[in-house]
Amino acid sequence: MNFDFSDDQKQLRDQARKFLAEKCSPKAVRVVLDGKAPYDKELWKGLAEMGFLGVAIPEEFGGAGAGHLELCVIAEEMGRANAPVPFSSTVYLAAEALLIAGSDAQKKKWLPAIASGEAIGTLALFEGKGNPAPKNVKLTAANGVLNGVKKPVADGAIADFAVVAARTGSSGRDGDISLFLVDFKAGGVEVKSLTNLDPTRGQAEITFKDAKAEPLGAAGEGWSILTQVLDRAAVLCAFEQVGGADRALEMGRDYALDRIAFGRQIGSFQAVKHMLADMYVSATLARSNSYYGAWALSTNAAELPEAAAAARISATQAFQHCAKNNIQVHGGMGFTWEFDCHMYYRRANAMALGLGSLSYWEDQLIDRMRKKNAA
Amino acid sequence: MNFDDTPQEAAFRATARKWVDANAPKELHAELSKSSLGRIKLANHDIVEVGKAWQKKKFEGNWACLHWPKEYGGRDATPIEKVIWQQEEGVYGKLTQPFQIGEGMCGPTVMAFGSEDAKRRYLPKLASGEEIWCQLFSEPSAGSDVAGLRTRAEKKGDNWVVNGQKIWTSGAHYSDYGLLIARTDPNVPKHKGLTMFFLDMKSPGVEVRPIRQANGMQEFNEVYFTDVVIPDSQRLGAVGEGWSVSLTTLMNERMSIGARLATGVPELFEFCSNLMLEDGLAIDDPAVRSKLASWAVKSSGLKYTSYRAISALSKGERPGPENSIGKLVSGMMLQDIATYAMDLQGAAGVLTGSDEETVQGQFQQMLLSSPSMRIAGGTDEILRNIIAERVLGLPGDIRVDKDVPYNKIPTKGR
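Residues numbered from 1 in each chain as written. Chains lettered and ligands numbered in written order. Predicted model: local features only at pLDDT ≥ 70, side-chain atom pairs only at ≥ 80, totals over all residues.

### Here we look at the overall build of chain B
Heads up, the condition is: Helix and strand definitions here come from DSSP, where helices need a minimum of 4 consecutive H or I residues and strands a minimum of 2 consecutive E residues; each element is numbered from the N-terminal end. Two things to know: the radius of gyration comes from C-alpha atoms, and the globule rule equals 2.2 Å times the number of residues to the power 0.38. Exposure classification rests on a simple neighbour count of other C-beta atoms within 10 Å of a residue's own: a residue reaching 20 or more is buried, one at 12 or fewer is exposed, and one in between is partly exposed. C-beta atoms are placed from the backbone.
Helix and strand content of chain B: twelve helices and ten strands. For a compact globule of 414 residues, the expected C-alpha radius of gyration is about 22 Å, and chain B comes in at 23 Å, within 12% of that figure. Burial analysis of chain B (414 residues in total) assigns 39% to the buried set.

As structure tokens, then:
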């Protein structure tokens, strides 16, 4: 059994950590947090130069042609650094949708642009409240144009293109949904930025008015493709969440060692020690579930749907738990804008909703476990 | 990343599988396959009797205590080979319950601190199951703070004379030997006045009494010592070094207890899949699904954490500290799951007999037994301290009795 990343993959992780420590300090994150820039353009360029944006994109489409395990270790570091760039939208969602369902021409047009950092992509799925479900998709597609409103769309305000879920039928089945690719330059797209929990990753409302669109994948296959995309993104996001959880735990541990109260290090009080120990437990369970997700993703195993849901739930819970208790360990200082704790708290809670909320994935996991048990 | 054996591991697994297939007591397979908490009970057999037979067969086939050196009854197996053996032994591993304390704790202590004569005399018989060992550490007033123990050993010529009481001794009533830690000097701080011994459990003055536990069962014992004589040749380590000797033993305790962890998740999943609530099956209820999913990912998280440790062993590395979470997570889960399953049963959940509504009271049994899972082998609080101190590097607790002579430490709270 070798249920671990290879030495090369660990080396890549170290490389990414070093790069991000240099280029993505909390100070750099704060430029975006404070609204002075929509995202960190310099960092985005650097990530492209390092080959991180296209790490899982095949060489024939301008990527590094490594694989999803390599992408997982980079994702972990992106989460640890709280990177203020549209990495998850572009790399986990848009690029994966193209890899799963794109035509050769579509892949040739967009994947090299993603790998080089020239194109930012996203997935436009949600229409207001609710979780991923075919019945929640109201935006219509007819005669090659889209009409409707998507909200919230992660990184929508800075995107060059989007994969859009649209209604092409009314049978009440999954086959009513098709995916489309919309180049924002083609017109008919209105974008409005929305304020959100985590300003280091923007959210937008996008109105499509006779927006020109080309089909992505076969008509009526939209929901099935989307499900695969969300499963892959669930694993990749889980690694970001694991990275964030670890960083929040580290911050709490470091502060508990530095801070003196009642004449001793606060980390010598059991109330604080045990809180940190419980954070370690959550983070460890999440990491192990995510490793299993990584294995399933990288081998395209039949176990992927169940593994992805388990990784998603476990990592969401761990990041929320660690980010929340990191503030608690810091006490009053943890509630200041000046300390970085709230950046992880914001990111943890925003990420918990991005691909569908926790309860949605809990529901998915039970369905998938039942399916397996029945088989 | 893969779950495959290396060629050597695959060959070893094939050998082990073939041997188990040819030698295991298959008539017990169905009964052993049923999930169980705590002591194994067999309808028509005494666990010690069938356990001894299985252990003897394993010993003869060279599979008992296989990670031990050959000269002491093992086969010099590597840690990963031991894991593979356990996987192949499967449910029959439950038959080894009477020997686990000996194999996991007493044996390693004798191996580390015993004389060559003692090792050759005792270890092979421990491995073969011919002689069973128990561990005599905990006392009524020394649990988590085991170094505060009171049992006295006083030197008389070439012998030691022991007086005192131990508690929570698994298997004392069928054990041949016991590993005993006792206070040999009460005038120095508590950790410094302890010494480790082993003794014949049939020595005059040893009295074993079963404890009636909170769950109504009797699985553990109290052991009383009245002027019990132990030869100095049965001392393990130097006089006053008992604490550091005991750390060897306890380190092995947490490893061996963590090996097979019950979480209650498969039982709850099955229960919810069959339980009809007013609006349909329990497993179709969003609130039930949410709870079930949260527990399921804890359970899978533990499983894959152990896979990470196995992978480290396979590469010849030491597993990381992440395995320390196993008992902490599973103990709490068992208790929470039992409570929740009974909540779903409503008023009938109060019944503990062979009622259909409660599936023969399996969760009720789990509820009553689960407190012990959060205490035995390190309480939840001790485990959190261990994680905080050894994994996260936080300061140790402030110990007010550290430099106080043992006989000056207060013995009553109020």
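### What to know about the overall build of chain A
Selection rule: Two residues form a contact once the distance between their C-beta atoms, set from the backbone, is within 7 Å.
Summing up its helical and strand segments, chain A has eleven helices and ten strands in all. Taking the principal axes of the C-alpha coordinates as reference, chain A spans close to 75 × 50 × 40 Å. The buried share of chain A, reckoned over its 375 residues, is 56%. A fraction of 75% describes how many contacts in chain A between residues 6 or more apart in sequence connect residues 24 or more apart.

### A short note on the interface of chain A and chain B
What counts, and what does not: Side-chain classes follow a simple rule in which Ala, Val, Leu, Ile, Met, Phe, Trp, Tyr, Cys and Pro form the nonpolar group, Asp, Glu, Lys and Arg form the charged group, and the remainder, Gly included, forms the polar group.
Chain A puts 38 residues into the contact, and the matching count from chain B is 37 residues. Elements supplying a minimum of two residues to the side of chain A that touches chain B: α7 (222–258), α8 (270–299), α9 (304–330) and α11 (358–374) of chain A. Broken down by element, the residue count for the side of chain A that touches chain B peaks at 17 residues, all from α8(A). Partitioning the side of chain A that touches chain B into residue classes produces 21 nonpolar, twelve polar and five charged.

### Focus on the environment of A:F5
Within the secondary structure layout, A:F5 lies in the segment before α1 (7–23). In this structure the C-alpha to C-alpha distance between A:F5 and A:A294, which are 289 residues apart in sequence, comes to 9.5 Å. Residues within four places of A:F5 in sequence aside, it is in contact with A:K10, A:L69, A:V73 and B:M1.

### A look at the packing of helix α5 (residues 87–101) of chain A against helix α6 (residues 104–115) of chain A
Residues and elements named next belong to chain A. As a reminder, the rule being used: What counts as an axis is a line fitted to C-alpha atoms, over the stretch in contact for a helix, and the angles between N-to-C directions run from 0 to 180 degrees. Each angle gets one of four labels, with under 35 degrees taken as roughly parallel, over 145 as roughly antiparallel, 65 to 115 as roughly perpendicular, and the rest as oblique. The sense of a crossing depends on the near helix, which, turned anticlockwise from the far helix by less than a right angle, makes the crossing left-handed and, turned clockwise, makes it right-handed.
At a minimum axis separation of 10 Å, α5 and α6 run at an interaxial angle of 160°. One element, α5, and the other, α6, form an angle in the roughly antiparallel class. Read as a crossing pair, α5 and α6 show a hand that is left-handed. Contacts between α5 and α6 involve T90, A94, A95 and L98 from the former and Q106, K107, W110, L111 and I114 from the latter. Of the residues contributing to the contact of α5 with α6, the split by class is six nonpolar, two polar and one charged.

### A look at the nonpolar core
To be explicit about the condition: Each nonpolar core comprises buried Ala, Val, Leu, Ile, Met, Phe, Trp, Tyr and Cys residues, the members being joined through C-beta atoms within 7 Å.
Judged by nonpolar contacts, the single largest core of 221 residues is most densely connected at A:A97, A:V163, A:V164 and A:L276. Among the elements that make up this core, the one with the highest residue count is α7(A) (19 residues). If sequence neighbours within four positions are ignored, A:L276 has contacts with A:L249, A:G252, A:R253, A:A256, A:V329, B:A388, B:L392 and B:L394. Core analysis: the next-biggest nonpolar cluster, separate from the first, contains six residues, B:A24, B:L28, B:W54 and B:Y92 among them.

### Here's the deal with the pairing of strand β7 (residues 220–231) of chain B
Let me state the cut-off plainly: Strand pairing is defined by DSSP finding a minimum of two bridges between the two strands.
Alignment of strand β3 (residues 159–170) of chain B against β7(B), held across ten bridges, turns out to be antiparallel. Counted as the bridge partner of B:W160 is B:I230 from β7(B).

### A closer look at the pairing of strand β2 (residues 152–156) of chain B
All names here are of chain B. Pairing of β2 with β3 involves five bridges; the strand directions are antiparallel. Of the residues in β3, the one forming a bridge with K155 is W160. If you look at the hairpin formed by β2 and β3, you'll find two residues sitting between the two strands, and G157 has a positive phi there, around 65°.

### What to know about unusual backbone geometry
Residues and elements named next belong to chain A. Between K151 and the following residue, P152, the backbone shows a cis peptide bond with an omega angle of -5°. Along the chain, P152 turns up in strand β3 (residues 145–154). With phi around 50°, D210 is a residue other than glycine that occupies positive phi space. Its location among the elements puts D210 in strand β7 (residues 203–212).

### A closer look at the packing of helix α1 (residues 7–23) of chain B against helix α4 (residues 79–89) of chain B
All names here are of chain B. Packing of α1 against α4 brings their axes to within 9 Å, and their N-to-C directions diverge by 35°. Seen from above, α1 lies across α4 with right-handed handedness. Facing α1, whose interface residues are E9, F12, R13, A16, R17 and V20, α4 presents I80, E81, I84, W85, E88 and E89. Residue classes in the contact of α1 with α4 are distributed as six nonpolar, no polar and six charged.

### What to know about the environment of B:P108
As for its placement among the helices and strands, B:P108 is situated in helix α5 (residues 100–113). A C-alpha to C-alpha distance of 8.8 Å links B:P108 and B:W68, two positions 40 residues apart in sequence.

### Things to note about the environment of A:A211
Relative to the assigned elements, A:A211 resides in strand β7. Put simply, A:A211 and A:V182 are 29 residues apart on the chain and 7.5 Å apart in space, counted from C-alpha to C-alpha.

### Digging into α11(A)
Put simply, the test is: Residue count minus one, scaled by 1.5 Å, sets the expected span of a helix.
Taking 1.5 Å per residue, 17 residues should reach 24 Å; α11(A) reaches 24 Å between its end C-alpha atoms and fits that length. Three or more residues of α11(A) are buried, namely A:W361, A:E362, A:Q364, A:L365, A:I366 and A:M369. Among the structural elements, α9 of chain A together with α9 (286–314) of chain B are those in contact with the buried residues of α11(A).

### Focus on the confidence of the model for chain B
Heads up, the rule is: For every residue, the predictor states its confidence as a pLDDT score lying anywhere from 0 to 100.
In the predicted model, chain B carries a mean pLDDT of 92, and 97% of its residues have values of at least 70. The ipTM assigned to the predicted complex is 0.96, against a pTM of 0.95.

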